[in-house]
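# Secondary and tertiary structure notes
What follows is each chain in one-letter form.
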Amino acid sequence: MSTSDDGGVPDDLPRLRTVADYQFGAGVGAALFPDDERLEIKRSSSGRPQQVIADEGRLVTYGTDGRFTLGLAGGQRVADALDAPAGRVVVGDESEPFVREGKNVFAKFVSAVGPEIRPGDEVAIVHEEGALLGVGRAELSADAMADFDTGMAVMVREGADGE
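The notes below deal with the structure included here. As the structure is a computational prediction, the values presented were derived from the model and not from experiment. In this convention, every chain numbers its residues from 1, walking through the sequence in written order. Only residues with pLDDT of at least 70 are given local features in this predicted model, and only at 80 or more are side-chain atom pairs given and counted; all residues enter the totals for whole chains, interfaces and linings. Hydrogens are left out, water is left out, and the side-chain values use all remaining heavy atoms of the structure.

## Examining the overall build of the protein
Put simply, the test is: Secondary structure elements follow DSSP: runs of H or I of four or more residues count as helices, runs of E of two or more count as strands, with numbering from the N terminus. With C-alpha atoms as the basis for the radius of gyration, the globule rule is written as 2.2 Å multiplied by the number of residues raised to the power 0.38. Per-residue accessibility, obtained with a 1.4 Å probe over protein chains only, is compared with the maximum for each type, and a residue is labelled buried under 20%, exposed over 50%, and partly exposed between these values.
Counting its secondary structure elements, the protein contains five helices and eleven strands. For 163 residues, the compact-globule estimate of 2.2 N^0.38 gives 15 Å, and the C-alpha radius of gyration of the protein, at 16 Å, lies within 12% of that figure. With the C-alpha coordinates of the protein rotated into their principal frame, the extents come out at 50 × 30 × 30 Å. Across the 163 residues in the protein, those meeting the buried criterion constitute 48%.

In structure tokens, the structure reads:
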């Protein structure tokens, strides 16, 4: 993998911002990839952007399907950019230690969820008080998470393990 970091705005950023706005909502692209921040873009051997990394960690991985998977740093930025509960799944004290360890979220423990969330969407998992607990992929729609008492709501990719 090669790294692009010339200190300026990489040519890829406008396109990556557009993908983020489409995937997560208007304005998220600028929040994920601000102009005034030096970002590292790791590339595949063919030159395609693969990961975007900021000082605080991995923001996103850009999949071959054209969608982002969130890192913890990216999940925090998405949660900060959107009005709650958009872009997130909210859980309480019962689930917090498990999600931080990277264990999945089950529907019966979801206390709120962004109404736009569909199965397959990338989401931030946050505590009712707002702390980021992890990031992952929604397995159910927002309505199903709110209605079901059983079933996996979010497959957690990365927990915030005690941060």
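## Describing a negative patch on the surface
This is how it is decided: Patches were defined on residues exceeding 30% relative accessible area and lacking a salt bridge, with like-charge contacts within 9 Å and nonpolar side-chain contacts (Val, Leu, Ile, Met, Phe, Trp, Tyr) within 5 Å. To measure how exposed things are, a 1.4 Å probe is used in the Shrake-Rupley method; for residues, cover is taken only from the protein chains shown. The term salt bridge refers to a pairing of a side-chain nitrogen on Lys or Arg with a carboxyl oxygen on Asp or Glu at a separation within 4 Å. Charge convention: Lys and Arg are scored as positive, Asp and Glu as negative, and His as well as the terminal groups of each chain are ignored. For the purpose of locating charges, the reference atoms are NZ of Lys, CZ of Arg, CG of Asp and CD of Glu.
On the surface, Asp93, Glu94, Glu128 and Glu129 cluster together to form a negatively charged patch. For Asp93, a relative accessible area of 56% translates into the label exposed.

## Looking at unusual backbone geometry
Backbone torsion omega between Ala84 and Pro85 reads 5 degrees, so that peptide bond is classified as cis. For Pro85, the location among the structural elements is in the loop between helix 3 (72-81) and strand 6 (88-91).

## Some points on the sheet that holds strand 9 (residues 122-127)
Inclusion rule: Pairing between two strands requires that DSSP report at least two bridges joining them. Contacts are assigned to residue pairs that have any heavy atoms within 4.5 Å of one another. Every axis corresponds to a line fitted to the C-alpha atoms, with the helix fit spanning only the stretch in contact, and the corresponding angles, defined between N-to-C directions, vary from 0 to 180 degrees.
Strand order in the open sheet formed by six strands is 7-11-10-9-6-8, with mixed pairing between adjacent strands. Here the strands that pair on one side only, and so sit at the sheet edges, are strand 7 (105-106) and strand 8 (110-113). Pairing of strand 6 with strand 9 involves four bridges; the strand directions are parallel. By the bridge assignment for strand 9, Val89 is matched with Ile125. This element, helix 3, spans strand 6, strand 9, strand 10 (132-138) and strand 11 (152-159) of the sheet and lies at about 90 degrees to strand 10.

## A few points about the environment of Gly159
Counting through the fold element by element, Gly159 comes out in strand 11. Spatially, the C-alpha atom of Gly159 lies 9.3 Å from that of Pro97, the residues being 62 residues apart in sequence. When sequence neighbours within four positions are dropped, the list of residues in contact with Gly159 reads Leu72, Val99, Arg100, Gly102, Leu133 and Gly134.

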